Amino acid sequence: MKISVVGTGYVGLVTGACFADAGHDVLCIDNDPKKIKMLHNGFMPIYEPGLDAIVERNVKLGRLKFSTCIKEGTEFAPVIFIAVGTPPGVGGEANMTYVEQVGRQVAENMTEYRLLVEKSTVPAQTSEYLKRTVLKYLRADTDFDVASNPEFLREGTAIEDATHPDRIVVGVDSDRAADLLEEIYRPILEKGGGAFLRMSVTSAELAKHASNSFLAMKISYINAVARICELAGADVEQVAKGMGLDPRIGPRFLNAGVGYGGSCFPKDVDAFVRLADALGCEFTLLKEVQNINKSQREYVMKKIKQELWVVQDKKVAIFGLAFKPETDDVREAPSLYFVPKLQEMKAKLTAWDPVAESKFKEIHPDLDCVQDLYECAKDADLLLILTEWSEVKNMDLQKLKNVMASPVIVDGRNIFHPEEIRSLGFTYHSVGRN
Ligand code: UDX
Ligand code: UDX
């Protein structure tokens, strides 16, 4: 099948590349000429493990092409996936400007039936606005459909998630739209398994909010439990294990730490809270999820302050700038809280992240970054760990101790075993295990 994907970011590029790899003819469009130029020259605009090989293979096979022209995308394929950004707007609600623009441009260029598919995370009921937009700007006398097909791609493992999905959620109003989407996903479902779930458009939009909010709730829950563990003298990892083996609970997303970040959880929870408010049904549970997540960073900051006593002029090394390992994405990353706070307190900062340095520096160009862990920790009074990159987990701890001015670690990701690391002479603070 022919498919157009508008937006070649973390979601659009992975989606387009995986559709091409499944055998479809894909045109990926982005209005940022720099990104399209990079892709034409064989460079990836984002870091996602395994993506470059898939893109290269499918470009060579002629199944994956790139363009900046939305008119070309509209003419190219009957199905157009919308994967442009929906960043937080002024009041915090998702900014739908880009989605609207794409809807308008597709409508203006549409001469025959087209199916517009919301791939970006959008607030429930967006499809109604999108339909209205298309109707307003449509020039030809033609049918169209709007469908919702939310992404469940975790950055860092997005290729695996796209090719071996648990489920494909498809919200449609017509059989024609359902058939087109089923046809697109058939090769992926045949190879990778998973369920194809057809439902109403609004249900599909809500399924996305409800899934991500539930996972965020699991994280806030375990973070709240972690604080109680510290006070009661328990170990949150043991507690999580005791909970997670119950299949009704499950072991995943029960890692306590500095709280969740990224381009999805914070925004999705917020969007769900706002939607509920707008519908007159206050979702207080999710408001508390947000409160816990916010205060979790402050909770870890308190540990840093207590340990350093005077923060001014102390050297703090930070490992991890992205919101999680295996990605260069810094949106809503914990580092965006800790770096400015510690700078305000006049700490001297040096940071390490294998792939997120340049994205972070677009926001904080003044941060000193180095590409070697031990160089970063050299002469540090405290090491703050905000990532689970394997390089950090597998560090030579003796070497680390030798280079630090004072061997103190505040571990916001609970990656070391407290007794083991203390036995090496470190002062070690983690979350829920002291
Ligand atoms: C996606 C979803 O869109 C977002 O709603 C979800 O919450 C997170 O995942 P993502 O792919 O991560 O966003 O965003 P980003 O990497 O910023 O990619 C969006 C792309 O769309 C960018 O490359 C941008 O240049 C492009 N874009 C934006 C367009 O092509 N046209 C526009 O009008 C606006
Ligand atoms: C998420 C969804 O999981 C995915 O299905 C899709 O909808 C996009 O959004 P992503 O944001 O890439 O994926 O990362 P995810 O692995 O879900 O982690 C989100 C955040 O939660 C990260 O900051 C991570 O560090 C944190 N987290 C995760 C925890 O703090 N504890 C956990 O146990 C799991």
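Residues numbered from 1 in each chain as written. Chains lettered and ligands numbered in written order. Predicted model: local features only at pLDDT ≥ 70, side-chain atom pairs only at ≥ 80, totals over all residues. Heavy atoms only, no water.

1. Section: the site of ligand 1
Rules: Here a residue is near a molecule or strand as soon as one of its heavy atoms is found within 4 Å of it. Polar contact is the term for a pair of N or O atoms within 3.5 Å; when the atoms are in protein, one must be able to donate a hydrogen and the other to accept it, and sequence-neighboring residues count only if both atoms are side-chain atoms. We get accessible surface area from the Shrake-Rupley algorithm with a probe of 1.4 Å; when it comes to residues, only the shown protein chains can shield them. Gly falls in the polar group here, along with every residue not listed as nonpolar (Ala, Val, Leu, Ile, Met, Phe, Trp, Tyr, Cys, Pro) or charged (Asp, Glu, Lys, Arg).
Around ligand 1 there are 21 residues in total, and Asp30, Lys35, Val84, Thr86 and Arg331 lie nearest to it. Here an oxygen atom of ligand 1 sits 2.5 Å away from a polar atom, N or O, in the side chain of Asp30. The separation between an oxygen atom of ligand 1 and a polar main-chain atom of Asn31 is 3.0 Å. Burial of ligand 1 by the surrounding chains reaches 90%, relative to a free accessible area of 680 Å². Of the residues that constitute the shell around ligand 1, the class distribution is six nonpolar, ten polar and five charged.

2. Let's talk about the site of ligand 2
How we decide: Under the DSSP-based scheme used, a helix requires at least four consecutive residues in state H or I and a strand at least two consecutive residues in state E, with every element numbered from the N terminus. Throughout, the edges of the domains are those of an automatic or database domain assignment.
Looking at ligand 2, there are 19 residues lining it, with Glu155, Asn255, Gly261, Lys324 and Arg413 nearest. In the model, an oxygen atom of ligand 2 is placed 3.1 Å from a nitrogen or oxygen of the Phe323 main chain. Note that an oxygen atom of ligand 2 is positioned 2.9 Å from one of the side-chain N or O atoms of Lys324. Compared with its free state, where it exposes 660 Å², ligand 2 has 92% of that area covered by protein. Here the shell around ligand 2 gets three residues from one element, more than from any other, and that element is helix α9 (residues 201-232). Residue composition of the shell around ligand 2, by class: nine nonpolar, four polar and six charged. Counting contributing residues, the shell around ligand 2 receives three or more from each of domain 1 (2-196) and domain 2 (295-429).

3. Topic: the domain arrangement of the protein chain
Often, the extent of an interface is quoted as the loss of accessible area on bringing the components together. Stated precisely, the cut-off is as follows: Every residue pair with non-hydrogen atoms within 4.5 Å of one another is taken to be in contact. Throughout, buried area stands for the accessible area (probe radius 1.4 Å) lost by two parts on being put together, summed over both.
Per the domain assignment, the segments of the protein chain are domain 1 (2-196) and domain 2 (295-429). Relative to domain 2, the C-alpha centre of domain 1 lies at a distance of 37 Å. Of the residues lining the interface, nine residues belong to domain 1; the matching set on domain 2 comes to eleven residues. When domain 1 packs against domain 2, the two sides together hide about 730 Å² of surface, and 43% of this comes from carbon and sulfur.

4. A short note on helix α11 (residues 265-278)
Where we set the bar: Expected helix span is taken as 1.5 Å per residue step, with the number of steps being one fewer than the number of residues. Each residue's exposure class comes from its accessible area (1.4 Å probe, protein chains only) as a fraction of the maximum for that residue type: buried when under 20%, exposed when over 50%, partly exposed otherwise.
Spanning 14 residues, α11 covers 20 Å between terminal C-alpha atoms, matching the ideal 20 Å at 1.5 Å per step. Of all 14 residues in α11, eleven are buried; the element is thus mostly enclosed. For α11, the full list of buried residues reads Phe265, Pro266, Lys267, Asp268, Val269, Asp270, Ala271, Phe272, Val273, Leu275 and Ala276. Buried residues along α11 sit in contact with α9 and α12 (284-308). Where α11 terminates, the next one or two residues include Gly280, which has phi positive at roughly 80 degrees.

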